[in-house]
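Analysis of the macromolecular model
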2 protein chains.
Amino acid sequence: MKAKKEITIYDIAKKLKYSPSTISRALNDHESISKNTTLLIKKVAKEMGYRPNSLAASLRNNKSKTIGIMISRINRPFVSSLISGIEETARKAGYNVIISQSNDKYENEVINAETLYNSRISGLIVSLSMETRKLEHLRRFMDQGIPIVFVDRVPDELDIHKVIIDNYTAGYKATQHLIEQGCSRIAHFAGAQHRNVYRERKKGYLDALKDHHLPVDNDLIVSFKSLSFGEGEKATRNLLDLPQPPDAIFSANDTAAVSAIMYAKKRGIKIPEELAVIGFNDDPIASIVEPALSTVIHPAIKMGQISAQRILQHAAEEDENNSPEVTVLPTELLIRDSSKKKA
Amino acid sequence: MKAKKEITIYDIAKKLKYSPSTISRALNDHESISKNTTLLIKKVAKEMGYRPNSLAASLRNNKSKTIGIMISRINRPFVSSLISGIEETARKAGYNVIISQSNDKYENEVINAETLYNSRISGLIVSLSMETRKLEHLRRFMDQGIPIVFVDRVPDELDIHKVIIDNYTAGYKATQHLIEQGCSRIAHFAGAQHRNVYRERKKGYLDALKDHHLPVDNDLIVSFKSLSFGEGEKATRNLLDLPQPPDAIFSANDTAAVSAIMYAKKRGIKIPEELAVIGFNDDPIASIVEPALSTVIHPAIKMGQISAQRILQHAAEEDENNSPEVTVLPTELLIRDSSKKKA
DNA sequence: TTGTAGGCGTTATCAT
DNA sequence: ATGATAACGCCTACAA
């Protein structure tokens, strides 16, 4: 079974007695070709079963209509929603999307960066791995003028494109909400502090305590490695075993928050009366656990869409007005039963 | 800021006084080049900062080292795990992965197929959209000898590559388990019957009833459009309002199963005593709902890995021994509290 | 408005 | 073991 020969612009040219360049231009809606000719050529191309070879075009332009994505792991609710938004937007604009997972290892991120670079992507969307602390592996893209948009887990550098949420305010509001419920010993499940998202959430927590004249008790601030379910259970046990246990927890993600609820319930602790809990992300599990978990809503799909738009817009611009833009999306406090003490 | 010029094999050739062909061969570990020369060339290439242009290679070979994926939606636990497995395996082999979402629309699937085809992917992994009933949009790939592997939601055709689970047996065992718990009026939440996965699960359910001499009551078989949470609640309400309500539910997915548990609890129904429930997939929500949901475990990541391997292996083979392989992976019944009536 | 010609970077074929 | 050359399909100065 031999593969059938592909139709090229040369075949169309021959048939129509035009030159290949005319065909090429018509197919790309070049203005210098008359409306009629363009229409005719497109019609015949379709009839002949012509398929543009994007590889050839990419080689010629040294740019493939492709957006690369670097993320930690696909199979997490937030990340897969993010990708969904990117894919949707990119595809509408005729771009492909290549994904690469770092599994939160810096080493993998470096390798993936190289592969994507060699694929001549026209833009890169990055959410940093947990380990990543330097950006040298991304320098190449910047040097070549390939736009990079960082999203969610971003570096601290100022002169780069970012699409983020206001983690600080979200952390502040979540904590404030707990205070308003009458809680005064509020624990915090904190993620790795070199990652902006977790650092900012903690900052918001600390400032909320201060602004409301509550003491900061370091025993109540638990440093997590990965905010996993197991870690959450252990942390909750330690907290509940304290001479003065907390009356609330603000967790930097939902997984750990849910584990806290489930563990505390097992110990006979009443949620939210004895322990109010609030999480972050609104993962599906948040609305299933009982009592339902209050949390911070993350506009994941929208973040993806905006990131992709940013890339597309740069790809379109010939000129180089590369003023880095930072988009900060609003979050929303979603109060469910796990934190409602009164009423 | 001008983009720096890229190093090509010509640059290396000039520097080393070899011909470009020798450089190319050395870089690809061609056997006809001596060990020493190969080593030298690779060393210098690295020093000069050479990056292979995979676009050019792809054009030349009319094949890009890329695997295309067509799925319904990325942001679902099963699908994102599947992709994760594919990506991991493909990347190790030096392949990129392009994703495209159909959002369960046939129309989108057709467009995506065309785009992927034009990208000269070397293989395609497909999980069909809910709507898809014909495969014409995939014919092109077959005609060109581009391997397609169908996964999970597959067509009924026999002469194609498939990676699936044994939905029939899973459905049978799930139902049988409920019967063993003493249930006799077992309802079924059924998905669209033109999709193999749901049809087979239902078949297993029906046969289990028959084999255990239980009557099939059509009032207890609910046809779902999308097995969503809302649909699940409604179906459960209708079932519980029946003159003779069911004493168990086997749901074709976890979302609907969880919704049934939560709704029934609200009505004061005891789970599992009055209503045993079992789902399908082991989504994260399954272990969070209370009582924890019994379910069928789906080896999603593994299915992805195997699918990718199948593509890679075909890409490697020069010859055309295209005997279609069907891989059926085992599932496992995971019994949690939602279905344990005794002990 | 359309045509000509050269090149994007690589690899395969044929020669040496 | 290595080299010369043509081709992959497209795009874009430049020319007409």
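Residues numbered from 1 in each chain as written. Chains lettered and ligands numbered in written order. Predicted model: local features only at pLDDT ≥ 70, side-chain atom pairs only at ≥ 80, totals over all residues. Heavy atoms only, no water.

Under the annotation held in an unreviewed UniProt entry, chain A carries the name LacI family transcriptional regulator and is attributed to Sinomicrobium pectinilyticum.

In total, this model carries six aromatic pairs over all chains according to the counting rule given. Ring centres 6.2 Å apart and planes at 40° place the aromatic pair Y168(A) and Y172(A) in the tilted group. With a gap of four residues between them, Y168(A) and Y172(A) both fall in helix α8 (residues 167–180), about one helical turn apart. Assessed through its relative accessible area of 25%, Y168(A) is described here as partly exposed. Look at Y117(B) and F141(B): their rings are 5.4 Å apart centre to centre, the planes differ by 85°, and that puts the pair in the edge-to-face class. (Phe/Tyr/Trp six-rings, centres within 6.5 Å; stacked < 30°, edge-to-face > 60°. Helix = DSSP H or I, 4+ residues; strand = E, 2+ residues; numbered from the N terminus. Buried < 20%, exposed > 50% of the residue type's maximum accessible area, 1.4 Å probe, protein only.)

The next point concerns the sheet that holds strand β7 (residues 221–223) of chain B. Residue and element names in this part refer to chain B. Taken in spatial order, the four strands line up as β7-β6-β8-β9 in an open sheet, and their pairing is parallel. In this open sheet, the two edge strands, each paired with only one partner strand, are β7 and β9 (276–278). Averaged over all adjacent pairs, the angle separating strand axes in this sheet is 15°, with direction ignored. Sheet topology places strand β6 (residues 186–190) next to strand β8 (residues 248–251); four bridges connect them, and they run parallel. When the bridges of β8 are listed, I186 appears paired with A248. Packed on one face of the sheet, helix α8 (residues 167–180) meets β6, β8 and β9 and runs near 170° to β8. Contacting β6, β7 and β8, helix α10 (residues 229–240) crosses the sheet at an angle of about 155° to β6. (Pairing = 2+ DSSP bridges. Axes fitted to C-alpha atoms, helices over the stretch in contact; angles between N-to-C directions. Contact = heavy atoms within 4.5 Å.)

Time to look at the interface of chain A and chain B. With 56 residues of chain A at the interface, the matching set in chain B holds 55 residues. Each partner contributes to the roughly 4,800 Å² buried at the junction of chain A and chain B, and carbon and sulfur atoms together form 52% of this total. Note that R51(A) is salt-bridged to E114(B), the shortest N-O span being 2.6 Å. Linking chain A with chain B are 22 residue pairs in polar contact (both at pLDDT 80 or more). Mapped by element, the contributors of at least two residues to the side of chain A that touches chain B are α4 (54–61), α5 (77–92), β2 (96–101), α6 (106–118), α7 (136–143) and α11 (254–266) of chain A. Take the side of chain A that touches chain B: its biggest share by element is seven residues, from α5(A). (Buried area = accessible area lost by both parts, 1.4 Å probe. Salt bridge = Lys/Arg side-chain N within 4 Å of Asp/Glu carboxyl O. Polar contact = N/O pair within 3.5 Å; in protein donor to acceptor, adjacent residues only side chain to side chain.)

Right, let's talk about the protein's contact with DNA strand D for a bit. Near DNA strand D you find 27 residues, and of these S24(A), Y50(A), R60(A), T22(B) and R25(B) are the closest. Near the protein, within 4 Å, the atoms of DNA strand D are sugar or phosphate in 61% of cases. At a separation of 2.4 Å, a phosphate oxygen of DNA strand D approaches a polar side-chain atom of Y50(A). Of all the secondary-structure elements, those providing two or more residues to the surface near DNA strand D are α1 (9–16), α2 (20–27) and α4 of chain A together with α2 (20–27) and α4 (54–61) of chain B. Take the surface near DNA strand D: its biggest share by element is four residues, from α4(A). Across the surface near DNA strand D, the residue classes break down as nine nonpolar, 12 polar and six charged. (Near = heavy atom within 4 Å. Nonpolar A, V, L, I, M, F, W, Y, C, P; charged D, E, K, R; others polar.)

In this section: α1(A). Residue and element names in this part refer to chain A. Every buried residue of α1 is listed here: D11, I12, A13 and L16. Its buried side turned inward, α1 meets α2 and α3 (35–48). Measuring from the backbone nitrogen of Y10 back to the side-chain oxygen at the start of α1 gives 3.0 Å, which picks out T8 as the cap. Phi for K17, located one or two positions after α1, is positive at around 55°.

Expressed as a screw transformation, the operator carrying chain A onto chain B has a rotation angle of 180° and an axial translation of 0.1 Å, and the superposed copies differ by an RMSD of 0.1 Å. The superposition operator between the copies reduces to a two-fold rotation axis. The residues that chain A uses at the interface reappear at the interface of chain B in 98% of cases, marking a shared surface. (Least-squares fit on C-alpha atoms with pLDDT ≥ 70 in both.)

Glancing now at the protein's contact with DNA strand C. Around DNA strand C sit 26 residues, and of these S21(A), T22(A), S24(B), Y50(B) and R60(B) come closest. The sugar and phosphate moieties of DNA strand C supply 61% of its atoms located within 4 Å of the protein. At 2.8 Å from a phosphate oxygen of DNA strand C is found a main-chain nitrogen or oxygen belonging to S19(A). At the level of secondary structure, the elements contributing two or more residues to the surface near DNA strand C comprise α2 and α4 of chain A together with α1 (9–16), α2 and α4 of chain B. For the surface near DNA strand C, the element with the most residues is α4(B), which contributes four residues.

Attention now goes to the sheet that holds strand β6 (residues 186–190) of chain A. All names here are of chain A. Across the sheet, which stays open at both edges, the four strands sit in the order β7-β6-β8-β9 with parallel pairing between neighbours. Each edge of the sheet is formed by a strand with only one pairing partner; in this case those strands are β7 (221–223) and β9 (276–278). Sheet twist, expressed as the average angle between the axes of neighbouring strands with direction ignored, equals 15°. Sheet topology places β6 next to β7; three bridges connect them, and they run parallel.

Residue and element names in this part refer to chain A. Each assigned domain of chain A is listed with its residue range as follows: domain 1 (9–52), domain 2 (64–164 + 300–328) and domain 3 (167–298). Domain 2 and domain 3 are separated by 30 Å when their C-alpha centres are compared. The interface of domain 2 with domain 3 comprises 15 residues on the first partner and 10 residues on the second. When domain 2 packs against domain 3, the two sides together hide about 1,100 Å² of surface, and 48% of this comes from carbon and sulfur. In this assembly, domain 2 and domain 3 are joined by one salt bridge. D156 is paired through a salt bridge with R199; the nearest N and O atoms lie 2.7 Å apart. Looking at the side of domain 2 that touches domain 3, the elements that each hand over two or more residues are α5 and α12 (300–316). Of the residues that constitute the side of domain 2 that touches domain 3, the class distribution is eight nonpolar, two polar and five charged. (Domains from an automatic or database assignment.)

A few words now on the pairing of strand β8 (residues 248–251) of chain A. Residues and elements named next belong to chain A. Going residue by residue along β8, you find A248 and F250 tucked away on one face and I249 and S251 tucked away on the opposite face as well. Where β8 meets β9, three bridges bridge the pair, whose relative direction is parallel. Looking across to β9, one finds that I249 is bridged to V277. Each parallel crossover has a hand, and the one from β8 via α11 to β9 is right-handed. (Right-handed = clockwise from strand over helix to strand, strands pointing away.)

Attention now goes to the UniProt feature "domain: HTH lacI-type" (unreviewed entry) in chain A. The positions that UniProt labels "domain: HTH lacI-type" (unreviewed entry) are, in the present scheme, residues 7–61 of chain A. Here residues 7–61 of chain A is 69% helix and 0% strand, with 21 Å between the C-alpha atoms at its ends. (UniProt positions renumbered as here; feature names shortened; annotations may be inferred.)

Our focus in this paragraph is the packing of α1(B) against α2(B). Residue and element names in this part refer to chain B. Viewed as axis vectors pointing N to C, α1 and α2 meet at an angle of 110°, and their least axial separation amounts to 8 Å. In terms of orientation, α1 and α2 fall into the roughly perpendicular class. The handedness of the crossing between α1 and α2 is right-handed. Note on element contacts: α2 touches α1 through P20, I23, S24 and L27, opposite I9, Y10, I12 and A13. Tallied by class, residues from the contact of α1 with α2 come to seven nonpolar, one polar and no charged. (Parallel < 35°, antiparallel > 145°, perpendicular 65-115°, else oblique. Left-handed = near helix turned anticlockwise from the far one by under 90°.)

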